[in-house]
Amino acid sequence: MVLGRRRGRAATVHVAVPVGAYLGQDDLPGHLDGYGPVTAGTVRRITADATLRRLLTDPSDGRLLEYGRTSYTPPADLTAHVIARDRTCRFPTCHRPATEAEIDHKIPYAEGGTTDPANTWALHDGHHRAKTWHTFTIATDDHGDTWWITPAGHRYPAEPEIVGPVMSTSVRVPAGVCAPYPPVPETPPF
């Protein structure tokens, strides 16, 4: 069976699994992207003849860890990293898969933005155009939380989904949120 190609790469199946389960040391479940939880045995069968790409996640919050790049066009490994991390378009309420999205610079490259995981994300073409041409702006606070700001000044969070298992029960409170009364994000009008 021959698999299709996207962005010049062979088709990719994303399976997140704890390393102990992959190595047969335990039977913690994995997660098959687009499907959901799968047993450790199923993960081992899926990955038996696969080319694997190790994606390290932070066990305290489940986010994919980052690495740096300095060119305008994201290289294939950065593109794969952003797709795996974001999973869907980062525009609020958009659930289109990151595999169908463009890799965009949050801060435009021409304005000093870098081509690295901290400044790139998956946006499908319509939302990429909204940011580029229709005065939607992006703000990132001191903690790395990112917000879409509409032309009317409304703010919406734009954080990627958790990729790996979370080992900590503590939850970081984003900047500007004061417990016990955190602000409720606005409901997007789009």
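Provided above is the structure to which this section pertains.
Cut-offs applied
- Residues numbered from 1 in each chain as written.
- Predicted model: local features only at pLDDT ≥ 70, side-chain atom pairs only at ≥ 80, totals over all residues.
- Heavy atoms only, no water.
- Buried < 20%, exposed > 50% of the residue type's maximum accessible area, 1.4 Å probe, protein only.
- Helix = DSSP H or I, 4+ residues; strand = E, 2+ residues; numbered from the N terminus.
- Pairing = 2+ DSSP bridges.
- Polar contact = N/O pair within 3.5 Å; in protein donor to acceptor, adjacent residues only side chain to side chain.
- Arc of directions from axis to C-beta.
- Contact = heavy atoms within 4.5 Å.
- Disulfide = S-S within 2.5 Å.

## Some thoughts on the pairing of strand E9 (residues 146–149)
For a regular strand, side chains alternate in direction, first toward one face of the sheet and then toward the other. Taking every second residue as pointing to the same face, both faces of E9 are buried, with Thr 146 and Trp 148 on one and Trp 147 and Ile 149 on the other. Across 4 bridges, the pairing between strand E8 (residues 137–140) and E9 is antiparallel. Residue pairing for E9: Ala 139 is matched across the bridge by Trp 147. By the bridge criterion, 3 bridges tie E9 to strand E10 (residues 155–157) in an arrangement that is antiparallel. Of the residues in E10, the one forming a bridge with Trp 147 is Pro 157. Hairpin connection between E9 and E10: a loop of 5 residues separates the two successive antiparallel strands, and Gly 153 in this loop has a positive phi of roughly 95°.

## Side note on the side chain of Thr 120
Looking at the element boundaries, Thr 120 is found in strand E7 (residues 120–123). Residue classification places Thr 120 among the buried residues on the basis of a relative accessible area of 0%. Among the polar contacts listed, one links the side chain of Thr 120 to the backbone oxygen of Asp 116, at a separation of 2.8 Å.

## As for helix H4 (residues 125–133)
An α-helical segment advances 3.6 residues per turn. Residues three or four places apart therefore align on the same side. Listing the buried residues of H4 in full gives His 127, His 128, Ala 130 and Lys 131. The buried residues of H4 occupy an angular sector of 155° when projected down its axis, which confines them to one face. At its buried positions, H4 is contacted by strand E6 (102–105), E7, E8 and E9.

## Focus on the side chain of Asn 119
Position of Asn 119 relative to the elements: it lies in the loop between E6 and E7. In this structure the side chain of Asn 119 is engaged in a polar contact, spanning 2.9 Å, whose partner is the backbone nitrogen of Ile 107. Not counting the four nearest positions on each side in its chain, Asn 119 is found in contact with Asp 104, His 105, Lys 106, Ile 107, Gly 113 and Thr 114.

## Describing the state of the cysteines
On inspection of all chains with the given rule, the structure shows 0 disulfides. In this structure Cys 89 is not part of a disulfide, and its nearest cysteine sulfur, from Cys 94, lies 3.8 Å away.

## Considerations on unusual backbone geometry
Backbone geometry at Thr 93 places phi at a positive 75°, although glycine is not the residue there. Relative to the assigned elements, Thr 93 resides in the loop between helix H3 (76–86) and E6. Thr 93 sits in the partly exposed class, given a relative accessible area of 46%. The phi torsion at Thr 135 lies on the positive side, around 60°, for a residue other than glycine. Along the polypeptide, Thr 135 turns up in the loop between H4 and E8.

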